[in-house]
Amino acid sequence: MPKPLLSVVAAMTLLSGVCFTAQAQHSSLFAPYDCREHAELFYSEPVEEVIVPDDAITVSLEVEETPEVVDTVNGWKHWCYVENFHYGKDRGAMPMITDLNALHPYFRDRIKTLIETCKAKGITLAVVESYRTHAKQNEYKVMGKKYTNSGGGKSKHQYGLAVDVVPVVDGVAVWNNTALWKRVGVEGEKLGLRWGGRWRKPYDPGHFEWTGGLTSTHLAVGQLPTIPRVEDLYPCMAEDIRILRRYWKEWETAQSAMTRK
Ligand SMILES: [Zn+2]
């Protein structure tokens, strides 16, 4: 039987996405490795057979392609991010990662749904910050209680399980419309997310998180939330998480260097 040759590079070229709220995000989006797409490609990739009758040797030839090479090692460098004051607020000197692919895959999909649901109701949401390094978290901690009570490792943002968003009206981030926040918050809660609009110290209506019941202590020792029907819905979760953690570490190294400057 001829054996199809799997072209990993070709498969990776299919892994591209669209930045939500493109006007707010600088770099192109890099989708994490996802073997489900590889698997589909494995069976669908055209294979040319050359049969030599005498010796009955079957040779499989990969169809010539010149795929664009996507760097799976440096993918973190392509994550969308914004600089301070991008949404009109002082959020410190270090850039904010806004890429949804920097989030835990299950949580990422919840947030995509939140953004889509809000859009269907006429509310445009921009992602202000998704994954956050310990270095960035410590920067907020130094900036005071208005920003956070938590130091590095204590926020769900450090585990890709929290996101900050803001409604955008006529291209402007709207931070102070309580009624609008409420509409967004309710939609997030319908998706099973914890909404920072319920908090008072600090009131944080742009913040959504989900941990599947785990605390920061569990997360800090590397525990991962249990995902319903993970085998069916996220067959490559372990590999996705492994790559995500590597990318998070790269960002940590980069932003820690900024702290030392
Ligand atoms: Zn937050």
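Residues numbered from 1 in each chain as written. Predicted model: local features only at pLDDT ≥ 70, side-chain atom pairs only at ≥ 80, totals over all residues.

Within an unreviewed UniProt entry, the label attached to the protein chain reads M15 family metallopeptidase, and the organism entered is Dawidia soli.

A. View of the overall build of the protein chain. Scanning the protein chain from terminus to terminus reveals eight helices and nine strands. Looking at the protein chain as a whole, 32% of its 261 residues are labelled buried. Long-range contacts, defined as pairs at least 24 residues apart, comprise 65% of the intrachain contacts of the protein chain with a sequence gap of at least 6. (Helix = DSSP H or I, 4+ residues; strand = E, 2+ residues; numbered from the N terminus. Buried ≥ 20, exposed ≤ 12 C-beta atoms within 10 Å, placed from the backbone. Contact = placed C-beta atoms within 7 Å.)

B. Layout of the environment of Gly152. Here Gly152 is to be found in the loop between helix H4 (134-143) and strand S6 (162-169). Along the sequence, Gly152 and Asn138 sit 14 residues apart, while their C-alpha atoms lie 5.2 Å from each other. In contact with Gly152, other than residues within four places in its own chain, are His134, Ala135, Gln137, Asn138 and Gln158.

C. Molecular detail of unusual backbone geometry. In this model, Lys201 is joined to Pro202 through a cis peptide bond whose omega is -5 degrees. In this structure, Pro202 sits in the loop between strand S8 (194-195) and strand S9 (207-209). Here Phe85, not a glycine, exhibits a phi torsion of approximately 70 degrees, which is positive. Along the chain, the position of Phe85 falls in the loop between strand S3 (81-82) and strand S4 (96-97).

D. Structural view of the confidence of the model for the protein chain. In the predicted model, the protein chain carries a mean pLDDT of 81, and 72% of its residues have values of at least 70. Overall, residues 1-47 carries pLDDT values under 50, and its contacts beyond four positions in sequence, including any with other chains, amount to 87 contacts. (pLDDT = per-residue confidence, 0-100.)

E. Quick look at the environment of Gln255. By secondary structure assignment, the location of Gln255 is in helix H8 (residues 237-260). Looking at Gln255, the number of C-beta atoms within 10 Å reads 21, which means it is buried. Sequence separation of Gln255 and Pro95 is 160 residues, and the distance between their C-alpha atoms is 8.6 Å. Leaving out residues up to four positions away in the same chain, Gln255 has contacts with Met94, Thr133, Ala135 and Lys136.

F. Just helix H3 (residues 105-120), in detail. End to end, H3 covers 22 Å across 16 residues, agreeing with the expected 22 Å (1.5 Å per residue, within 8%). Gly122 lies just past H3 and shows a positive phi near 85 degrees. (Expected span 1.5 Å × (residues − 1).)

G. A look at the pairing of strand S5 (residues 124-129). Burial analysis of S5 places five of its six residues in the buried class, which makes it a mostly covered element. The pairing of S5 with S6 spans five bridges and is classified as antiparallel. Of the residues in S6, the one forming a bridge with Leu125 is Pro167. (Pairing = 2+ DSSP bridges.)

H. Structural view of the pairing of S6. The buried fraction of S6 amounts to six of the eight residues, a majority that puts the element mostly inside the structure. One ladder, built from three bridges, connects S6 with S9; its direction is antiparallel. Paired with Val163 across the strands is Phe208, a residue of S9. Inspection of the sheet shows S6 paired to strand S7 (residues 172-173) by two bridges, in the antiparallel sense. Directly across from Val168, in S7, lies its bridge partner Ala173.

I. Up close: helix H5 (residues 178-190). Spanning 13 residues, H5 covers 18 Å between terminal C-alpha atoms, matching the ideal 18 Å at 1.5 Å per step. If you check which residues of H5 are buried, you get Trp181, Val184, Gly185, Glu187 and Gly188. All buried residues of H5 fall inside an arc of 160 degrees around its axis, so they share one side. Residues of H5 that are exposed and angled more than 90 degrees away from the buried face: Ala179, Val186 and Lys190. (Arc of directions from axis to C-beta.)

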